Number of protein chains: 2
Amino acid sequence: MTAANLDNVAVVLHRPRYAGNVGSAARCAKNMGIRRLICSGAGPFEREAMVTMATHFAADIVDAMEYYDDLRDALADFQYVVGTTARLGSARGPALTPREIAPRLAELSQNNRVAVVFGSEDRGLSNRALHLCHAVVTIPVSDAMRSINLSHAVMIVCYELFTAAVPPRGTFTPRLADARELEGMYDQIKEVLKEIGFLNPQNPDYWMIHIKRLLARAGLQARDVKIIRGICRQVSWAVRNGPRT
Amino acid sequence: MTAANLDNVAVVLHRPRYAGNVGSAARCAKNMGIRRLICSGAGPFEREAMVTMATHFAADIVDAMEYYDDLRDALADFQYVVGTTARLGSARGPALTPREIAPRLAELSQNNRVAVVFGSEDRGLSNRALHLCHAVVTIPVSDAMRSINLSHAVMIVCYELFTAAVPPRGTFTPRLADARELEGMYDQIKEVLKEIGFLNPQNPDYWMIHIKRLLARAGLQARDVKIIRGICRQVSWAVRNGPRT
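Residues numbered from 1 in each chain as written. Chains lettered and ligands numbered in written order. Predicted model: local features only at pLDDT ≥ 70, side-chain atom pairs only at ≥ 80, totals over all residues. Heavy atoms only, no water.

## Re helix H2 (residues 47–54) of chain A
All names here are of chain A.
Thought 1: What H2 keeps buried is the set Met 50, Val 51 and Ala 54. When H2 is viewed along its axis, its buried side chains cluster within an angular range of 95° and face the same direction. Of the residues in H2, the exposed ones pointing more than 90 degrees away from the buried face are Glu 48 and Thr 52.
Thought 2: Residues of H2 that are buried sit in contact with helix H1 (19–31), helix H3 (59–63) and strand S3 (66–68). (Buried < 20%, exposed > 50% of the residue type's maximum accessible area, 1.4 Å probe, protein only. Helix = DSSP H or I, 4+ residues; strand = E, 2+ residues; numbered from the N terminus. Arc of directions from axis to C-beta. Contact = heavy atoms within 4.5 Å.)

Given below as C-alpha coordinates:
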(Lines give C-alpha, C1' and ligand atoms only; values in the text may rest on other atoms or scores of the structure.)
Protein backbone atom coordinates (compact mmCIF):
# COMPACT_ATOMS: atom_id res chain seq x y z
CA MET A 1 0.00 0.00 0.00
CA THR A 2 1.32 3.41 -0.95
CA ALA A 3 1.30 6.10 1.68
CA ALA A 4 -1.47 8.62 1.24
CA ASN A 5 -0.34 12.21 1.36
CA LEU A 6 -2.05 14.95 3.32
CA ASP A 7 -1.49 17.75 0.79
CA ASN A 8 -5.22 18.49 0.64
CA VAL A 9 -5.64 18.82 4.40
CA ALA A 10 -5.60 22.20 6.15
CA VAL A 11 -5.55 23.12 9.82
CA VAL A 12 -7.85 26.07 10.49
CA LEU A 13 -7.40 28.04 13.70
CA HIS A 14 -10.51 30.08 14.43
CA ARG A 15 -9.93 33.10 16.67
CA PRO A 16 -6.70 31.88 18.28
CA ARG A 17 -5.48 34.29 20.95
CA TYR A 18 -1.78 33.63 21.30
CA ALA A 19 0.89 33.86 18.61
CA GLY A 20 2.87 31.18 20.42
CA ASN A 21 0.04 28.68 20.04
CA VAL A 22 -0.24 29.49 16.34
CA GLY A 23 3.48 28.87 15.88
CA SER A 24 3.27 25.68 17.92
CA ALA A 25 0.36 24.47 15.79
CA ALA A 26 2.43 25.15 12.66
CA ARG A 27 5.18 22.92 14.00
CA CYS A 28 2.73 20.13 14.91
CA ALA A 29 1.10 20.28 11.47
CA LYS A 30 4.46 20.02 9.75
CA ASN A 31 5.55 17.17 12.05
CA MET A 32 2.58 15.26 10.72
CA GLY A 33 2.94 16.10 7.05
CA ILE A 34 0.30 18.84 6.90
CA ARG A 35 1.44 22.07 5.23
CA ARG A 36 -1.57 24.36 5.01
CA LEU A 37 -2.43 26.55 7.97
CA ILE A 38 -5.31 29.04 8.02
CA CYS A 39 -6.19 31.64 10.64
CA SER A 40 -9.66 33.11 10.76
CA GLY A 41 -11.12 35.93 12.84
CA ALA A 42 -7.82 36.91 14.45
CA GLY A 43 -4.36 38.21 13.74
CA PRO A 44 -2.18 39.10 12.04
CA PHE A 45 0.24 37.80 14.65
CA GLU A 46 3.82 38.86 15.09
CA ARG A 47 6.04 36.61 12.97
CA GLU A 48 8.83 36.47 15.54
CA ALA A 49 6.54 35.17 18.30
CA MET A 50 5.14 32.49 16.02
CA VAL A 51 8.49 31.33 14.65
CA THR A 52 9.93 31.06 18.16
CA MET A 53 7.45 28.25 18.80
CA ALA A 54 7.38 26.88 15.25
CA THR A 55 11.20 26.78 15.13
CA HIS A 56 12.83 27.81 11.88
CA PHE A 57 12.11 24.34 10.47
CA ALA A 58 8.39 25.17 10.32
CA ALA A 59 8.81 28.88 9.53
CA ASP A 60 7.66 28.11 5.97
CA ILE A 61 4.27 27.00 7.33
CA VAL A 62 3.99 30.20 9.36
CA ASP A 63 4.95 32.38 6.38
CA ALA A 64 2.43 30.68 4.10
CA MET A 65 -0.40 30.94 6.64
CA GLU A 66 -3.57 32.45 5.17
CA TYR A 67 -5.69 34.96 7.11
CA TYR A 68 -9.44 35.35 6.77
CA ASP A 69 -11.74 37.65 8.72
CA ASP A 70 -14.63 35.25 8.56
CA LEU A 71 -14.68 31.49 9.13
CA ARG A 72 -17.26 31.01 6.37
CA ASP A 73 -14.87 32.56 3.84
CA ALA A 74 -11.96 30.54 5.19
CA LEU A 75 -13.89 27.32 4.58
CA ALA A 76 -15.44 28.30 1.24
CA ASP A 77 -13.41 26.03 -1.00
CA PHE A 78 -13.23 22.95 1.23
CA GLN A 79 -15.32 19.93 0.36
CA TYR A 80 -15.25 18.49 3.86
CA VAL A 81 -14.98 20.36 7.15
CA VAL A 82 -14.42 18.82 10.57
CA GLY A 83 -14.87 20.83 13.75
CA THR A 84 -13.24 20.01 17.06
CA THR A 85 -14.84 20.52 20.42
CA ALA A 86 -14.24 19.62 24.02
CA ARG A 87 -17.82 20.29 25.00
CA LEU A 88 -20.62 17.97 24.14
CA GLY A 89 -24.29 18.72 24.27
CA SER A 90 -27.46 17.68 22.54
CA ALA A 91 -27.38 20.81 20.38
CA ARG A 92 -23.97 19.77 19.13
CA GLY A 93 -24.93 16.36 17.85
CA PRO A 94 -22.89 13.19 18.13
CA ALA A 95 -19.11 13.52 18.06
CA LEU A 96 -16.54 11.09 16.78
CA THR A 97 -13.06 10.53 18.13
CA PRO A 98 -10.06 11.58 16.01
CA ARG A 99 -9.19 7.91 15.61
CA GLU A 100 -12.63 7.06 14.29
CA ILE A 101 -12.65 9.81 11.70
CA ALA A 102 -8.98 9.82 10.63
CA PRO A 103 -9.09 6.94 8.10
CA ARG A 104 -12.11 8.50 6.39
CA LEU A 105 -10.47 11.94 6.26
CA ALA A 106 -7.20 10.54 4.94
CA GLU A 107 -9.10 8.76 2.18
CA LEU A 108 -11.41 11.68 1.37
CA SER A 109 -8.46 14.04 1.17
CA GLN A 110 -7.00 12.17 -1.78
CA ASN A 111 -9.69 13.78 -3.98
CA ASN A 112 -11.12 16.53 -1.78
CA ARG A 113 -9.93 19.48 0.23
CA VAL A 114 -10.42 18.76 3.93
CA ALA A 115 -10.31 21.35 6.74
CA VAL A 116 -10.00 20.61 10.44
CA VAL A 117 -11.15 23.58 12.53
CA PHE A 118 -9.99 24.40 16.06
CA GLY A 119 -11.56 27.10 18.24
CA SER A 120 -9.98 29.64 20.55
CA GLU A 121 -7.99 28.66 23.62
CA ASP A 122 -10.61 29.84 26.07
CA ARG A 123 -13.93 29.29 24.35
CA GLY A 124 -13.48 26.64 21.68
CA LEU A 125 -15.84 26.68 18.70
CA SER A 126 -19.28 28.28 19.03
CA ASN A 127 -22.39 26.40 17.95
CA ARG A 128 -22.56 28.78 15.01
CA ALA A 129 -19.07 27.78 13.91
CA LEU A 130 -19.86 24.09 14.38
CA HIS A 131 -22.85 24.46 12.07
CA LEU A 132 -20.36 25.06 9.26
CA CYS A 133 -18.82 21.65 9.89
CA HIS A 134 -19.82 18.34 8.33
CA ALA A 135 -18.58 16.34 11.29
CA VAL A 136 -17.47 17.05 14.84
CA VAL A 137 -14.67 15.34 16.73
CA THR A 138 -13.89 15.33 20.42
CA ILE A 139 -10.53 14.24 21.78
CA PRO A 140 -10.94 11.71 24.59
CA VAL A 141 -9.56 13.12 27.85
CA SER A 142 -9.50 12.35 31.53
CA ASP A 143 -12.33 13.81 33.60
CA ALA A 144 -9.60 15.02 35.94
CA MET A 145 -8.63 17.71 33.42
CA ARG A 146 -10.63 18.21 30.28
CA SER A 147 -9.01 21.40 28.99
CA ILE A 148 -6.36 20.66 26.35
CA ASN A 149 -3.93 23.29 25.13
CA LEU A 150 -4.77 24.37 21.57
CA SER A 151 -1.53 23.19 19.96
CA HIS A 152 -1.75 19.83 21.75
CA ALA A 153 -5.25 19.34 20.38
CA VAL A 154 -3.89 20.17 16.91
CA MET A 155 -1.09 17.65 17.47
CA ILE A 156 -3.40 14.79 18.41
CA VAL A 157 -5.71 15.28 15.43
CA CYS A 158 -2.79 15.73 12.96
CA TYR A 159 -1.06 12.68 14.45
CA GLU A 160 -4.17 10.57 13.94
CA LEU A 161 -4.43 11.77 10.33
CA PHE A 162 -0.77 11.03 9.69
CA THR A 163 -1.04 7.60 11.31
CA ALA A 164 -4.10 6.79 9.21
CA ALA A 165 -2.44 8.03 6.01
CA VAL A 166 0.88 6.28 6.42
CA PRO A 167 0.76 2.50 6.60
CA PRO A 168 2.86 0.89 9.32
CA ARG A 169 6.33 -0.06 8.22
CA GLY A 170 6.81 -3.72 7.38
CA THR A 171 9.69 -3.94 9.84
CA PHE A 172 7.25 -3.74 12.72
CA THR A 173 6.12 -7.30 12.10
CA PRO A 174 9.40 -9.15 11.81
CA ARG A 175 9.47 -12.75 10.70
CA LEU A 176 9.71 -15.03 13.70
CA ALA A 177 12.04 -17.98 13.80
CA ASP A 178 10.35 -21.17 12.59
CA ALA A 179 9.93 -24.40 14.55
CA ARG A 180 12.98 -26.04 12.97
CA GLU A 181 15.23 -23.13 13.91
CA LEU A 182 13.82 -23.14 17.43
CA GLU A 183 14.19 -26.89 17.94
CA GLY A 184 17.83 -26.78 16.80
CA MET A 185 18.46 -23.97 19.24
CA TYR A 186 16.74 -25.75 22.15
CA ASP A 187 18.77 -28.93 21.48
CA GLN A 188 21.95 -26.88 21.59
CA ILE A 189 20.90 -25.05 24.77
CA LYS A 190 20.12 -28.39 26.41
CA GLU A 191 23.52 -29.82 25.50
CA VAL A 192 25.43 -26.83 26.78
CA LEU A 193 23.40 -26.66 30.00
CA LYS A 194 24.29 -30.30 30.59
CA GLU A 195 27.95 -29.55 29.89
CA ILE A 196 28.05 -26.83 32.52
CA GLY A 197 26.16 -28.95 35.02
CA PHE A 198 23.05 -26.77 35.13
CA LEU A 199 20.72 -29.54 34.03
CA ASN A 200 20.40 -32.77 35.91
CA PRO A 201 21.23 -35.48 33.30
CA GLN A 202 18.55 -37.68 34.93
CA ASN A 203 15.84 -35.05 34.42
CA PRO A 204 17.08 -32.43 31.94
CA ASP A 205 13.57 -31.33 30.97
CA TYR A 206 12.74 -29.92 34.39
CA TRP A 207 14.49 -26.60 33.72
CA MET A 208 14.28 -26.77 29.95
CA ILE A 209 10.53 -26.31 30.02
CA HIS A 210 10.91 -23.05 31.98
CA ILE A 211 13.59 -21.82 29.62
CA LYS A 212 11.50 -22.63 26.56
CA ARG A 213 8.49 -20.79 27.96
CA LEU A 214 10.62 -17.78 28.79
CA LEU A 215 12.13 -17.59 25.30
CA ALA A 216 8.81 -18.32 23.62
CA ARG A 217 7.32 -15.25 25.28
CA ALA A 218 9.97 -13.09 23.64
CA GLY A 219 8.82 -14.06 20.14
CA LEU A 220 12.28 -14.94 18.84
CA GLN A 221 13.35 -13.85 15.39
CA ALA A 222 15.88 -15.68 13.25
CA ARG A 223 18.53 -13.17 14.32
CA ASP A 224 17.81 -13.80 18.02
CA VAL A 225 18.26 -17.53 17.44
CA LYS A 226 21.66 -16.83 15.88
CA ILE A 227 22.71 -14.73 18.88
CA ILE A 228 21.65 -17.39 21.37
CA ARG A 229 23.33 -20.19 19.42
CA GLY A 230 26.48 -18.07 19.17
CA ILE A 231 26.50 -17.70 22.95
CA CYS A 232 26.03 -21.47 23.42
CA ARG A 233 28.91 -22.21 21.04
CA GLN A 234 31.13 -19.78 22.89
CA VAL A 235 30.20 -21.29 26.28
CA SER A 236 31.15 -24.78 25.01
CA TRP A 237 34.44 -23.45 23.73
CA ALA A 238 35.24 -21.59 26.97
CA VAL A 239 34.35 -24.58 29.14
CA ARG A 240 37.01 -26.55 27.29
CA ASN A 241 39.59 -23.80 27.00
CA GLY A 242 39.16 -21.68 30.13
CA PRO A 243 38.18 -18.05 30.59
CA ARG A 244 39.19 -15.24 28.27
CA THR A 245 39.58 -12.71 31.09
CA MET B 1 -17.03 4.00 30.23
CA THR B 2 -15.24 3.45 33.48
CA ALA B 3 -12.32 5.74 34.08
CA ALA B 4 -9.06 4.36 32.78
CA ASN B 5 -6.58 3.66 35.52
CA LEU B 6 -3.04 4.82 34.80
CA ASP B 7 -2.13 5.32 38.47
CA ASN B 8 1.04 3.23 38.11
CA VAL B 9 2.36 5.14 35.11
CA ALA B 10 4.90 7.94 35.46
CA VAL B 11 6.23 10.42 32.94
CA VAL B 12 9.97 10.91 33.43
CA LEU B 13 11.60 13.99 31.93
CA HIS B 14 15.35 13.48 31.73
CA ARG B 15 17.34 16.71 31.58
CA PRO B 16 14.55 18.97 30.34
CA ARG B 17 15.80 22.49 29.66
CA TYR B 18 12.74 24.69 29.85
CA ALA B 19 10.37 25.14 32.78
CA GLY B 20 7.58 25.89 30.32
CA ASN B 21 7.93 22.49 28.69
CA VAL B 22 7.88 20.80 32.09
CA GLY B 23 4.66 22.63 32.96
CA SER B 24 3.18 21.82 29.57
CA ALA B 25 4.06 18.14 30.03
CA ALA B 26 2.30 18.20 33.43
CA ARG B 27 -0.86 19.46 31.77
CA CYS B 28 -0.68 16.82 29.02
CA ALA B 29 -0.15 14.05 31.55
CA LYS B 30 -3.15 15.16 33.59
CA ASN B 31 -5.29 15.51 30.44
CA MET B 32 -4.62 11.84 29.89
CA GLY B 33 -5.11 10.61 33.44
CA ILE B 34 -1.45 10.32 34.41
CA ARG B 35 -0.55 11.96 37.70
CA ARG B 36 3.08 11.13 38.43
CA LEU B 37 5.78 13.35 36.94
CA ILE B 38 9.49 12.88 37.57
CA CYS B 39 12.37 15.12 36.60
CA SER B 40 15.92 13.75 36.50
CA GLY B 41 19.24 15.46 35.93
CA ALA B 42 17.79 18.97 35.86
CA GLY B 43 15.99 21.58 37.92
CA PRO B 44 14.59 22.56 40.26
CA PHE B 45 12.55 24.77 37.96
CA GLU B 46 10.72 27.92 38.96
CA ARG B 47 7.17 27.02 39.98
CA GLU B 48 5.61 30.11 38.44
CA ALA B 49 7.04 29.35 34.98
CA MET B 50 5.83 25.75 35.13
CA VAL B 51 2.33 26.57 36.39
CA THR B 52 1.86 29.21 33.67
CA MET B 53 1.98 26.40 31.13
CA ALA B 54 0.38 23.72 33.30
CA THR B 55 -2.51 26.07 34.20
CA HIS B 56 -3.74 25.97 37.77
CA PHE B 57 -5.77 22.85 36.94
CA ALA B 58 -2.54 20.85 36.68
CA ALA B 59 -0.62 22.73 39.38
CA ASP B 60 -1.02 19.69 41.64
CA ILE B 61 1.03 17.59 39.19
CA VAL B 62 3.75 20.25 39.14
CA ASP B 63 3.81 20.49 42.95
CA ALA B 64 4.06 16.71 43.36
CA MET B 65 6.84 16.38 40.78
CA GLU B 66 9.83 14.37 42.06
CA TYR B 67 13.41 15.41 41.35
CA TYR B 68 16.35 13.01 41.00
CA ASP B 69 19.95 13.81 40.11
CA ASP B 70 20.47 10.53 38.34
CA LEU B 71 18.21 8.74 35.87
CA ARG B 72 19.15 5.34 37.29
CA ASP B 73 17.89 6.38 40.72
CA ALA B 74 14.74 7.86 39.21
CA LEU B 75 13.96 4.52 37.58
CA ALA B 76 15.02 2.23 40.43
CA ASP B 77 11.60 1.10 41.53
CA PHE B 78 9.92 0.78 38.14
CA GLN B 79 9.31 -2.69 36.76
CA TYR B 80 9.07 -1.56 33.15
CA VAL B 81 10.80 1.40 31.56
CA VAL B 82 10.12 2.72 28.08
CA GLY B 83 12.42 5.21 26.41
CA THR B 84 11.39 7.56 23.64
CA THR B 85 13.65 8.53 20.79
CA ALA B 86 13.42 10.31 17.48
CA ARG B 87 16.66 8.87 16.22
CA LEU B 88 17.01 5.32 15.07
CA GLY B 89 20.14 3.40 14.38
CA SER B 90 21.34 -0.16 14.51
CA ALA B 91 23.04 0.47 17.85
CA ARG B 92 19.66 1.52 19.23
CA GLY B 93 17.84 -1.65 18.33
CA PRO B 94 14.32 -1.93 16.99
CA ALA B 95 11.71 0.62 18.11
CA LEU B 96 7.97 0.31 18.49
CA THR B 97 5.35 2.97 17.88
CA PRO B 98 3.38 4.38 20.82
CA ARG B 99 0.28 2.69 19.43
CA GLU B 100 1.96 -0.69 19.31
CA ILE B 101 3.21 -0.54 22.87
CA ALA B 102 0.31 1.27 24.55
CA PRO B 103 -2.02 -1.72 25.11
CA ARG B 104 0.82 -3.71 26.66
CA LEU B 105 1.84 -0.82 28.92
CA ALA B 106 -1.74 -0.16 29.98
CA GLU B 107 -2.16 -3.79 30.94
CA LEU B 108 1.25 -4.14 32.61
CA SER B 109 0.61 -1.01 34.63
CA GLN B 110 -2.28 -2.67 36.43
CA ASN B 111 0.26 -4.63 38.49
CA ASN B 112 3.57 -2.94 37.76
CA ARG B 113 5.07 0.51 37.92
CA VAL B 114 5.72 1.74 34.39
CA ALA B 115 7.91 4.73 33.48
CA VAL B 116 8.00 6.49 30.13
CA VAL B 117 11.21 8.49 29.71
CA PHE B 118 11.64 11.56 27.50
CA GLY B 119 15.02 13.17 26.78
CA SER B 120 15.97 16.81 26.56
CA GLU B 121 14.55 19.18 23.96
CA ASP B 122 17.76 19.45 21.98
CA ARG B 123 19.46 16.10 22.40
CA GLY B 124 16.86 13.51 23.30
CA LEU B 125 17.99 10.43 25.21
CA SER B 126 21.60 9.27 25.00
CA ASN B 127 22.45 5.67 24.20
CA ARG B 128 23.48 5.36 27.83
CA ALA B 129 20.04 6.45 29.01
CA LEU B 130 18.36 4.12 26.49
CA HIS B 131 20.31 1.20 27.94
CA LEU B 132 18.23 1.64 31.10
CA CYS B 133 15.06 1.11 29.09
CA HIS B 134 13.35 -2.21 28.42
CA ALA B 135 11.74 -0.97 25.23
CA VAL B 136 12.10 2.02 22.97
CA VAL B 137 9.33 3.86 21.16
CA THR B 138 9.54 6.30 18.30
CA ILE B 139 6.66 8.57 17.36
CA PRO B 140 5.93 8.35 13.64
CA VAL B 141 6.52 11.73 12.01
CA SER B 142 6.83 13.25 8.59
CA ASP B 143 10.30 13.32 7.06
CA ALA B 144 9.61 16.99 6.33
CA MET B 145 10.07 17.78 10.03
CA ARG B 146 11.16 15.14 12.44
CA SER B 147 11.75 17.27 15.53
CA ILE B 148 8.76 17.20 17.89
CA ASN B 149 8.43 19.60 20.79
CA LEU B 150 8.96 17.79 24.11
CA SER B 151 5.48 18.38 25.52
CA HIS B 152 3.86 17.33 22.25
CA ALA B 153 5.79 14.08 22.34
CA VAL B 154 4.59 13.59 25.92
CA MET B 155 1.04 14.30 24.78
CA ILE B 156 1.08 11.72 21.99
CA VAL B 157 2.43 8.94 24.19
CA CYS B 158 0.06 9.77 27.09
CA TYR B 159 -2.86 10.00 24.66
CA GLU B 160 -2.06 6.55 23.30
CA LEU B 161 -1.85 5.17 26.83
CA PHE B 162 -5.14 6.76 27.80
CA THR B 163 -6.79 5.46 24.65
CA ALA B 164 -5.47 1.96 25.27
CA ALA B 165 -6.22 1.88 28.98
CA VAL B 166 -9.09 -0.35 29.81
CA PRO B 167 -10.77 -0.89 33.16
CA PRO B 168 -8.97 -3.67 35.04
CA ARG B 169 -10.48 -6.88 33.82
CA GLY B 170 -9.49 -8.97 36.77
CA THR B 171 -7.17 -11.07 34.65
CA PHE B 172 -3.97 -12.04 36.34
CA THR B 173 -0.90 -10.13 35.20
CA PRO B 174 2.17 -11.47 36.98
CA ARG B 175 4.53 -9.12 38.76
CA LEU B 176 7.54 -8.45 36.59
CA ALA B 177 11.08 -8.22 37.85
CA ASP B 178 11.88 -4.62 38.76
CA ALA B 179 14.62 -2.49 37.28
CA ARG B 180 17.04 -3.27 40.09
CA GLU B 181 16.68 -7.03 39.65
CA LEU B 182 17.06 -6.66 35.90
CA GLU B 183 20.12 -4.43 36.11
CA GLY B 184 21.85 -6.90 38.45
CA MET B 185 21.07 -9.70 36.00
CA TYR B 186 22.31 -7.74 33.00
CA ASP B 187 25.55 -6.89 34.79
CA GLN B 188 26.07 -10.58 35.49
CA ILE B 189 25.25 -11.59 31.91
CA LYS B 190 27.73 -9.03 30.63
CA GLU B 191 30.48 -10.33 32.90
CA VAL B 192 29.97 -13.93 31.92
CA LEU B 193 29.75 -13.11 28.21
CA LYS B 194 33.08 -11.33 28.54
CA GLU B 195 34.55 -14.33 30.36
CA ILE B 196 33.60 -16.66 27.54
CA GLY B 197 34.84 -14.22 24.91
CA PHE B 198 31.43 -13.56 23.37
CA LEU B 199 31.56 -9.83 23.98
CA ASN B 200 34.30 -7.64 22.64
CA PRO B 201 35.76 -5.99 25.78
CA GLN B 202 36.27 -2.81 23.71
CA ASN B 203 32.58 -2.59 22.79
CA PRO B 204 30.60 -4.88 25.13
CA ASP B 205 27.35 -3.00 24.60
CA TYR B 206 27.02 -3.88 20.93
CA TRP B 207 25.53 -7.31 21.65
CA MET B 208 24.20 -6.46 25.10
CA ILE B 209 21.58 -4.13 23.68
CA HIS B 210 20.19 -6.90 21.48
CA ILE B 211 20.19 -9.34 24.38
CA LYS B 212 18.42 -6.85 26.64
CA ARG B 213 15.70 -6.15 24.11
CA LEU B 214 15.24 -9.85 23.49
CA LEU B 215 14.80 -10.56 27.19
CA ALA B 216 12.67 -7.45 27.72
CA ARG B 217 10.20 -8.72 25.13
CA ALA B 218 9.72 -11.83 27.25
CA GLY B 219 8.49 -9.73 30.21
CA LEU B 220 10.77 -11.36 32.76
CA GLN B 221 9.42 -12.27 36.17
CA ALA B 222 11.51 -12.54 39.31
CA ARG B 223 11.69 -16.33 38.87
CA ASP B 224 13.02 -15.97 35.32
CA VAL B 225 15.75 -13.68 36.58
CA LYS B 226 16.76 -16.35 39.09
CA ILE B 227 16.98 -19.02 36.38
CA ILE B 228 19.09 -16.83 34.11
CA ARG B 229 21.42 -15.82 36.94
CA GLY B 230 21.73 -19.47 37.93
CA ILE B 231 22.82 -20.35 34.41
CA CYS B 232 25.37 -17.51 34.39
CA ARG B 233 26.81 -18.67 37.71
CA GLN B 234 27.10 -22.20 36.41
CA VAL B 235 28.79 -21.05 33.18
CA SER B 236 31.39 -19.13 35.21
CA TRP B 237 32.00 -22.19 37.37
CA ALA B 238 32.32 -24.52 34.37
CA VAL B 239 34.65 -22.21 32.50
CA ARG B 240 37.02 -22.43 35.45
CA ASN B 241 36.52 -26.11 36.21
CA GLY B 242 35.90 -27.73 32.85
CA PRO B 243 32.89 -29.63 31.49
CA ARG B 244 30.69 -31.95 33.52
CA THR B 245 30.17 -34.35 30.65
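## What to know about the pairing of strand S1 (residues 9–14) of chain A
Residues and elements named next belong to chain A.
Thought 1: Taken across its 6 residues, S1 has 6 buried, putting it largely inside the fold.
Thought 2: Across the two faces of S1 the burial is the same, with Val 9, Val 11 and Leu 13 and Ala 10, Val 12 and His 14 all buried.
Thought 3: In the sheet, S1 pairs with strand S5 (residues 114–118) via 5 bridges, with the strands oriented parallel. Among the inter-strand pairings, Val 9 is bridged to a residue of S5, identified as Val 114.
Thought 4: Here 5 bridges tie S1 to strand S2 (residues 36–40), and the two strands are oriented parallel to one another. (Pairing = 2+ DSSP bridges.)

## Considering a positive patch on the surface
Residue and element names in this part refer to chain A.
Thought 1: A contiguous patch of positive charge on the surface is contributed by Arg 15, Arg 72, Arg 123 and Arg 128.
Thought 2: Tracing the chain through its elements places Arg 123 in the loop between S5 and helix H6 (127–130).
Thought 3: With relative accessibility at 65%, the residue Arg 123 sits in the exposed group. (Patch = residues over 30% accessible without salt bridge, like charges linked within 9 Å, V, L, I, M, F, W, Y side chains within 5 Å. Areas by Shrake-Rupley, 256 points an atom, 1.4 Å probe, with all protein chains shown as cover. Salt bridge = Lys/Arg side-chain N within 4 Å of Asp/Glu carboxyl O. Lys, Arg positive; Asp, Glu negative; His and termini not counted. Charge placed at Lys NZ, Arg CZ, Asp CG, Glu CD.)

## Some remarks on the packing of aromatic side chains
Here the distance between the centres and the angle between the planes together describe a pair of aromatic rings.
Thought 1: Across all of its chains, the model carries 4 aromatic pairs over all chains by this definition.
Thought 2: Where Phe198(B) meets Trp207(B), the ring centres are 6.1 Å apart and the plane angle is 45°; that geometry is what we call tilted.
Thought 3: The exposure class of Phe198(B) is buried, given its relative accessible area of 16%.
Thought 4: Both rings, one in Tyr206(B) and one in Trp207(B), keep their centres 5.1 Å apart while their planes meet at 85°; by these two values the pair is edge-to-face.
Thought 5: These aromatic residues form a ring-pair network of at least three members: Phe198(A), Tyr206(A) and Trp207(A). (Phe/Tyr/Trp six-rings, centres within 6.5 Å; stacked < 30°, edge-to-face > 60°.)

## Structural notes on the domain arrangement of chain A
Thought 1: Looking at chain A, the domain boundaries give domain 1 (9–170) and domain 2 (179–241).
Thought 2: Spacing between the C-alpha centres of domain 1 of chain A and domain 2 of chain A amounts to 54 Å. (Domains from an automatic or database assignment.)

## What about the environment of Thr85(B)?
Residue and element names in this part refer to chain B.
Thought 1: Mapped onto the elements, Thr 85 comes out in the loop between strand S4 (80–84) and helix H5 (98–108).
Thought 2: Here Thr 85 falls in the buried class, since its relative accessible area comes to 9%.
Thought 3: A sequence separation of 22 residues divides Thr 85 from Glu 107, and the C-alpha atoms of the two residues are 22 Å apart.

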